[in-house]
Amino acid sequence: YFEKGVNVMALISARQLTVQMMQNPQILAALQERLDGLVGSPSGYMESLPKVVKRRVNALKNLQVKCAHIEAKFYEEVHELERKYAALYQPLFDKRSDIIKAVYEPTDEECEWKQEDEEELTDEMKEKAKLEDEKKDEEKEDPKGIPEFWLTVFKNVDLLSEMLQEHDEPILKHLQDIKVKFSDAGQPMSFTLEFYFERNDFFTNTVLTKTYKMRSEPDESDPFSFDGPEIMGCTGCTIDWTKGKNVTLKTIKKKQKHKGRGTVRTVTKTVPNDSFFNFFSPPEGTDWLPLDEDSEAVLAADFEIGHFIRERIVPRAVLYFTGEAIEDDDDDYDEEGEEADDEEGEEEADEENDPDYDPKVWSLSPLKFQHTDSLLSSAI
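Sequence order sets the numbering: in each chain, residues are counted from 1 along the sequence as written. Where local features are concerned, this predicted model is filtered to residues with pLDDT of at least 70; where side-chain atom pairs are given and counted, the filter is 80 or more; whole-chain, interface and lining totals use all residues. As a rule here, side-chain values come from all non-hydrogen atoms in the structure, and water together with hydrogens is ignored.

### Topic: helix H10 (residues 293-313)
- Put simply, DSSP H or I for four residues or longer makes a helix, DSSP E for two residues or longer makes a strand, and each gets a number counted from the N terminus. A helix is expected to span 1.5 Å for every residue after the first. The end-to-end C-alpha separation of H10 is 29 Å, in line with the 30 Å expected for 21 residues at 1.5 Å each.
- Buried residues are those whose accessible area, probed at 1.4 Å on protein chains only, stays under 20% of the maximum for their type, while exposed residues exceed 50% and partly exposed ones sit between those limits. Ser 295, Leu 299, Asp 302, Phe 303, Ile 305, Gly 306, Phe 308, Ile 309, Arg 310 and Ile 313 are the residues of H10 that are buried.

Structure (C-alpha cells):
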C-alpha cells in the first residue's frame, strides 16, 4: 500500500509540474517550434528498412507515378465527354434562356408540374387554388419571362451573395444567361464562363467572359500530389463602362495639410470599390513577379467560385432560383455536422470515464502531443 501511495503522489506531482510548465510561455514557444518541425517529417520507419526492401519500395513508387499519368489521361477523356454532353445540354439551356427572356412562352403541357403536396388535395380544392392564382395574376402587371432570374439565383447562394454589393443589383437585373464553353478538341484544357446581358445604362458589352486554364498532368517535382485537373490561372475581360457608372471604382475626398504653411486642401482620389464585377479582373502574377499572399487568397476563392458556377449553377439554375438545390446542400452539411457532433460526444464521454483524465493538463489538441514526453524534455 505504501508503494502504491508513493506512486500516486509521484503521478500527482508530475501532473502539477506539467501544468506549471504548460503555463510558461517560453516552454510553450519551444514546444510549438519542435511540433512545427515535425509536420511533414518522415516517421523513421522507412529509414529502418533493409536496403533491399527500400529498393523494392522505390519500384512501387515508380509504378505509382505511372498510375498518376494514366489517371491524367482518364481526366482528359472525361473532359472530352464533358464537351460532348455540353453540346447535348445546350439546346435545353437555350430554351431555358428563351423562357427567362420572354422570347418563348411555354405551353400548358410544358408548364404542368405536380407538387408533392398536391396529391392530397381534392379536385374542389385544386380548382379553388387555381382561381385564387388567376385572380392574383389579374391584379398584377403581366411580367415578361422570369424577372430577375439570375440575380435571385446569386442572392440565394451564399458563395455568390457574399460578392454582391447593393450597387451591383441594378446591373445584374439585366443578366439574361450564363453559358459554359469548353476548349476545343486538341487545345489545352480550359473552360470559359460567358455572362450575357441585355442592353443597359451601365456598360456597352453584351457578353462578359472569364476563362479558366486547367492542367491535367502530374507535376514532375511532386507527382504523388496529383488528384485530377487543377485550375492554373484565369483571365477576365475589359468592361466598357458608361461614364460615371463604373461600380468597381469610387471617388473619395481627403484633406491634406501643408507641412510648411499649414494650409489645408481637399484632394479627390479614385480608389477600388467592392463589387461583383471585380470578378472579371482577377489578380495576375508572372514568373518574375509572383502574387502576394492576399492576391493568392483572392485567386483561390475565385477558382472555387468559377468551378461552382460551372458545376452547379449553370446546370441546375432553376433549383437555385427556387431554393430547392440550396436545401439539398444544407442537408448535406447538416449530416456532416451531426456526425462530427456524435464523434465529439463520444470523445467527451471517453474522457469523462477515464479516471486519469485531467482537463487542466490535456486541454490542448491531442494531435499536437503525440510525442509529448520527448518534446517536453527537449524544450526544458
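Still more to cover.
### Observations concerning a nonpolar patch on the surface
- Taken together, Leu 81, Tyr 85, Leu 88, Tyr 89 and Leu 92 make up a surface patch of nonpolar side chains, about 540 Å² in accessible area.
- Tracing the chain through its elements places Leu 81 in helix H4 (residues 51-100).
- Classification of Leu 81 by relative accessible area gives partly exposed; the value is 47%. A patch is a set of surface residues, each over 30% in relative accessible area and not in a salt bridge, joined within 9 Å for like charges and within 5 Å for the nonpolar side chains Val, Leu, Ile, Met, Phe, Trp and Tyr. Residue burial considers only the protein chains on display, and all accessible areas are found by Shrake-Rupley using a 1.4 Å probe. Here a salt bridge means any side-chain nitrogen of Lys or Arg lying within 4 Å of a carboxyl oxygen belonging to Asp or Glu.

### Details of the sheet that holds strand S4 (residues 230-235)
- In short, DSSP must find at least two bridges between two strands for them to pair. The four strands lie next to each other as S1-S2-S3-S4, forming an open sheet whose pairing is antiparallel. The sheet is open, and its two borders are formed by strand S1 (175-182) and S4, each paired with just one other strand. Between one strand axis and the next, the sheet turns through 20° on average, direction left out of account.
- In this structure, strand S3 (residues 207-215) lies alongside S4, joined through five bridges in antiparallel fashion. Bridge pairing in S4 links Tyr 212 to Cys 234.
- Running at roughly 70° to S1, helix H7 (residues 149-156) makes contact with S1 and strand S2 (190-197) of the sheet. Only the contacting stretch of a helix is used when fitting its axis, a line to C-alpha atoms as for every element, and angles between N-to-C directions run 0 to 180 degrees. Residues are treated as being in contact if the distance between any of their heavy atoms lies within 4.5 Å.

### As for the packing of aromatic side chains
- Only Phe, Tyr and Trp rings take part, Trp by its six-membered ring, and two of them pair if their centres are within 6.5 Å. Stacked means planes under 30 degrees apart, edge-to-face means over 60, and tilted covers everything else. Applying the stated criterion across every chain yields a total of 22 aromatic pairs.
- Taken together, the ring pairs in this structure connect Phe 154, Phe 195, Phe 197, Phe 203, Trp 241, Phe 276, Phe 277, Phe 279 and Phe 280 into an aromatic cluster.
- Directly above the ring of Phe 279 sits Lys 210, whose terminal nitrogen or CZ lies 3.5 Å from the centroid.
- To sit over a ring, a charge needs its Lys NZ or Arg CZ within 6 Å of the ring centre and within 35 degrees of the ring normal. Above the ring of Phe 191, the side-chain terminus of Arg 310 is found at 4.7 Å from the ring centroid.

### A word on the pattern of salt bridges
- Applying the stated rule across the entire model yields eleven salt bridges.
- One salt bridge in this structure joins Arg 310 and Glu 82, with 2.7 Å as the shortest N-O distance. In this pair, Arg 310 is assigned in helix H10 and Glu 82 in helix H4, connecting sequence segments 228 residues apart.
- Under the relative-accessibility criterion, Arg 310 is labelled buried at 8%.
- Between Glu 311 and Arg 310 there is a salt bridge, and its shortest N-O distance comes to 3.3 Å.

### A look at a negative patch on the surface
- When charges are counted, Lys and Arg are positive and Asp and Glu negative, with His and the chain ends excluded. Every charge is mapped to an atom, namely NZ of Lys, CZ of Arg, CG of Asp or CD of Glu. A contiguous patch of negative charge, built from Glu 217, Asp 219, Glu 220 and Asp 222, is present on the exposed surface.
- Note on placement: Asp 222 falls in the loop between S3 and S4.

### Points about the nonpolar core
- By convention a nonpolar core is built from buried Ala, Val, Leu, Ile, Met, Phe, Trp, Tyr and Cys residues, the set being connected through side-chain atoms within 4.5 Å. Ranked by internal contacts, the top residues of the largest apolar core, which has 48 residues, are Phe 154, Phe 195, Phe 276, Phe 277, Phe 279 and Ile 309.
- With six residues, H10 is the largest single contributor of residues to this core.

### Quick look at H4
- Taking 1.5 Å as the rise per residue, H4 with 50 residues should run 74 Å; its terminal C-alpha atoms sit 68 Å apart, in good agreement.
- Roughly 35° is the biggest bend found in H4, and it falls at Tyr 89, with proline Pro 91 one to four residues downstream.
- When H4 is considered as a whole, its buried residues turn out to be Ala 68, Ala 72, His 79, Ala 86, Phe 93, Arg 96, Ser 97 and Ile 100.
- For H4, the secondary structure elements touched by its buried residues are H7, S1, S2 and helix H11 (317-322). Throughout, the bend at a residue refers to the angle made by two axes, fitted to the seven residues ending there and to the seven starting there.

### Some remarks on the environment of Gly 323
- Summarising the element assignment, Gly 323 is placed in the loop between H11 and helix H12 (324-353).
- The spatial distance from the C-alpha of Gly 323 to the C-alpha of Val 153 is 8.4 Å, given a sequence separation of 170 residues.

### Overview of the pairing of S3
- With burial as the criterion, only one face of S3 is covered, namely that bearing Leu 208, Lys 210, Tyr 212 and Met 214; the residues Val 207, Thr 209, Thr 211, Lys 213 and Arg 215 on the opposite face remain uncovered.
- Across seven bridges, the pairing between S2 and S3 is antiparallel. By the bridge assignment for S3, Glu 194 is matched with Thr 209.

### Remarks on the confidence of the model for the protein chain
- Think of pLDDT as the predictor's per-residue confidence, scored from 0 to 100. Of all residues in the protein chain, 67% attain a pLDDT of 70 or more, and the chain-wide mean is 78.
- In this model residues 1-6 is a low-confidence stretch, pLDDT under 50, and it forms zero contacts with partners more than four residues away in sequence or in other chains.
- Below a pLDDT of 50 lies the segment residues 334-340, which in the model reaches zero contacts outside its immediate sequence neighbourhood of four places, other chains included.

### Quick word on unusual backbone geometry
- Positive phi values are uncommon outside glycine, yet Ala 102 reaches one of about 70°.
- Within the secondary structure, Ala 102 is located in the loop between H4 and helix H5 (108-111).
- The backbone of Glu 148 shows a phi angle near 55°, a positive value even though the residue is not glycine.
- Here Glu 148 shows up in the loop between helix H6 (123-139) and H7.
- For Glu 148, a relative accessible area of 35% translates into the label partly exposed.

### As for the environment of Leu 164
- Mapping Leu 164 onto the fold places it in the loop between helix H8 (158-161) and helix H9 (169-172).
- Measuring from C-alpha to C-alpha, the distance between Leu 164 and Ser 275 comes to 6.3 Å, with 111 residues separating the pair along the chain.
- Those residues in contact with Leu 164, other than ones at most four positions away along the chain, are Leu 151, Phe 154, Lys 155, Leu 172 and Phe 276.

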